[in-house]
Amino acid sequence: MAQSVLTIDLGAICANWRALAAMSAGETAAVVKANAYGLGAAQVATALADAGARTFFVAQAEEGVTVREALGPGPMICVFGGHMQGDATLLRDADLVPMINSIDQMLRHVETLPGHPFGVQLDSGMNRLGMEPAEWSALRDIALSQKPVLVMSHLACADEPSHGMNEFQLQTFRQMTDGIDAPRSLAATGGTILGADYHFDMTRPGIGLYGGLPFVEAKPVVSLSIPVIQVRDVNPGESVGYGNSWVARVPGKIATISAGYADGIIRAMGPKAHVWAGETRCKIVGRISMDLIGVDVGPAKETPETVELLGRHQSVDALAEVAGTIGYEILTSLGSRYARKYVTG
């Protein structure tokens, strides 16, 4: 079989959720946007609901429909993108809670879905989504009179604990919300780790659930095993892959493995990345192509049938570092051709 196997440990995801939940006294939600960071929103949300999560966050209403179909009635599913044009039917039928980001969204919501639950997202300094202080001041009394289920904001630099932006946004959020009679939320994974001042009534971890930084103690969640299609000996002076970008200096043994950038293995990582053949670290050689990658398996004691790109030897963040990116991109890029195997620990 030439199909790679992506193993997703739902037990580890739930353990990470419980560990983050233990850090705060309030409710701990779960962010399952972008298909649960590429790992399967239906499967992940179901496991987390069984573990006790009662509130979930997605980016778009369409994502929320998928989660509602998996969970059924009961859990609250919030939409970061708010109430977009044309969303009313989806929000109503799937019982989704839009996080209102602007006066325009507020008007759209009360006109098309009067009485339907909503939350409010505030911009405390990130300048991405949410109402700025002046806009919030103009709408605050009206919005609060409609009883929002949550008032939230998002930290820009929570993965850098000493960054001054964290304290600035905390103070701004307090100034915008102190005294209101609605639950509040500021912290995702990084904010949860920052401590109680940032927790308010709800934390909403995302990347930490899936084994990524800044949650250093997270249990690893994913492993990726890639089959070897062919192995050949190469002589000094022979090249491997497109563009003759790698040329053998000594005799070697090159395995061609069945994955590439069509599977979310970022092409730029090629010159620096490694895989593992059993306990042996093996260098990727030549360019990563669409479906195939060359690997120098000469150091391995035995010719491998598969190699490991992600797993106990190499985390998503370690792989991200050699690719010049972040663990989020590694996870959300994982392709659709993998055979996905879900385990519970």
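See above for the structure.
Residues numbered from 1 in each chain as written. Predicted model: local features only at pLDDT ≥ 70, side-chain atom pairs only at ≥ 80, totals over all residues. Heavy atoms only, no water.

Student: How should the nonpolar core be read in this particular structure?
Tutor: Among soluble globular proteins, nonpolar side chains are generally buried collectively. If you look at the biggest cluster of nonpolar residues, it comprises 80 residues, and the most contacted ones within it are Leu 48, Phe 57 and Tyr 210. Ignoring any residue separated from it by four or fewer positions in sequence, one finds Tyr 210 in contact with Ile 13, Val 31, Val 32, Ala 36, Tyr 37, Leu 39, Val 44, Val 221 and Leu 331. Counting 22 residues, the second-largest nonpolar core is a separate cluster that includes Leu 139, Phe 173, Ala 187 and Tyr 198. (Core = buried A, V, L, I, M, F, W, Y, C linked by side-chain atoms within 4.5 Å. Buried < 20%, exposed > 50% of the residue type's maximum accessible area, 1.4 Å probe, protein only. Contact = heavy atoms within 4.5 Å.)

Student: Looking at this structure, I do not really get the pattern of salt bridges. What am I missing?
Tutor: It is possible for side chains bearing opposite charge to pair when their charged atoms get close. Tallied over the entire structure, the rule returns six salt bridges. Arg 337 serves as the salt-bridge partner of Asp 263, at 2.9 Å between the closest nitrogen and oxygen. Pair noted here: Asp 263 is in the loop between strand 14 (252-257) and strand 15 (274-277) and Arg 337 is in the loop between helix 11 (327-333) and strand 19 (339-343), with a separation of 74 residues, a long-range link. Exposure remark for Arg 337: the relative accessible area of 39% places this residue in the partly exposed category. In this structure, Asp 291 engages Arg 337 in a salt bridge whose closest nitrogen and oxygen atoms are separated by 2.9 Å. (Salt bridge = Lys/Arg side-chain N within 4 Å of Asp/Glu carboxyl O. Helix = DSSP H or I, 4+ residues; strand = E, 2+ residues; numbered from the N terminus.)

Student: Looking at this model, I keep getting lost on the environment of Thr 172. Mind explaining?
Tutor: Its location among the elements puts Thr 172 in helix 8 (residues 164-177). With 49 residues separating them in the primary sequence, Thr 172 and Asp 123 have C-alpha atoms 9.0 Å apart.

Student: I'm lost on empty space enclosed by the protein in this one. Help?
Tutor: It is the rolling of a water-molecule-sized probe over the atoms that shows where space remains empty. A full pass over the atoms with the stated rule returns two cavities of 30 Å³ or more. Each pocket or cavity is described by its volume, and for the largest cavity that value is around 60 Å³. Lining the largest cavity we find Gln 121, Leu 122, Asp 123, Ser 124, Gly 125, Met 126, Arg 128, Leu 129, Ser 153, His 154 and Gln 169. In the lining of the largest cavity, the residues fall into three nonpolar, six polar and two charged. Its boundaries defined by the atoms lining it, the second largest cavity holds a volume of some 50 Å³. (1 Å grid on protein atoms, 1.4 Å probe; cavity = no way out; pocket = protein on both sides within 12 Å on 5 of 7 lines; lining within 4 Å. Points joined across faces, edges and corners; volume = space filled by probe spheres on them. Nonpolar A, V, L, I, M, F, W, Y, C, P; charged D, E, K, R; others polar.)

Student: When you look at the pairing of strand 4 (residues 55-58) in this model, what are you seeing that I'm missing?
Tutor: Side-chain positions along a regular strand alternate between the two faces of the sheet. Side chains Thr 55 and Phe 57 project from strand 4 onto one buried face, and the interleaved Phe 56 and Val 58 project onto a second face that is buried too. Note that strand 3 (residues 30-31) and strand 4 share two bridges and pair parallel. Across the sheet, the residue bridging to Ala 30 is Phe 56, located in strand 4. Handedness of the crossover is the feature at issue here: the chain leaves strand 4, passes through helix 4 (residues 61-71), returns alongside strand 5 (residues 76-79), and the resulting connection is right-handed. (Pairing = 2+ DSSP bridges. Right-handed = clockwise from strand over helix to strand, strands pointing away.)

Student: Teacher, can you tell me more about the packing of aromatic side chains here?
Tutor: Centre-to-centre distance and the angle between the planes together describe a pair of aromatic rings. Tallying each qualifying case throughout the model produces four aromatic pairs. Grouped by ring-pair contacts, the aromatic residues Tyr 37, Tyr 210 and Tyr 328 constitute a single cluster. (Phe/Tyr/Trp six-rings, centres within 6.5 Å; stacked < 30°, edge-to-face > 60°.)

Student: What am I meant to see in the side chain of His 83 here?
Tutor: Relative to the helices and strands, His 83 resides in the loop between strand 5 and helix 5 (88-93). Beyond its immediate stretch of four places on either side in the chain, His 83 contacts Ala 88, Leu 91, Pro 98, Ile 100, Gln 105, Arg 108, His 109, Thr 112 and Leu 113.

Student: Even after reading the chapter, I still don't get helix 7 (residues 133-145), so can you show me in this structure?
Tutor: Since one α-helical turn is 3.6 residues long, residues separated by three or four positions face the same way. With 13 residues, helix 7 extends 18 Å from end C-alpha to end C-alpha; this agrees with the ideal 18 Å at 1.5 Å per step. Residue Leu 139 marks the point of greatest curvature in helix 7, where the axis turns by about 55 degrees. Regarding helix 7, the residues found buried are Trp 136, Leu 139, Ala 143 and Leu 144. Check the buried side of helix 7 and you find it contacts helix 6 (103-112), strand 7 (119-121) and helix 8. (Expected span 1.5 Å × (residues − 1). Bend = angle between axes of the 7 residues up to and from the residue.)

Student: Where do I start with the layout of surface pockets in this structure?
Tutor: Volume-wise, the largest pocket comes out at about 710 Å³. Around the largest pocket, the lining comprises 31 residues; the ones closest to its centre are Tyr 37, His 154, Leu 155, Ala 188 and Tyr 328. When residues of the lining of the largest pocket are traced back to their parent elements, those giving at least two are helix 2 (33-38), helix 9 (189-194), helix 10 (316-323) and helix 11. For the lining of the largest pocket, a count of residues per class yields 17 nonpolar, eight polar and six charged. By volume, the second largest pocket is sized at about 260 Å³. A per-element tally of the lining of the second largest pocket places strand 11 (residues 222-234) first, with three residues.

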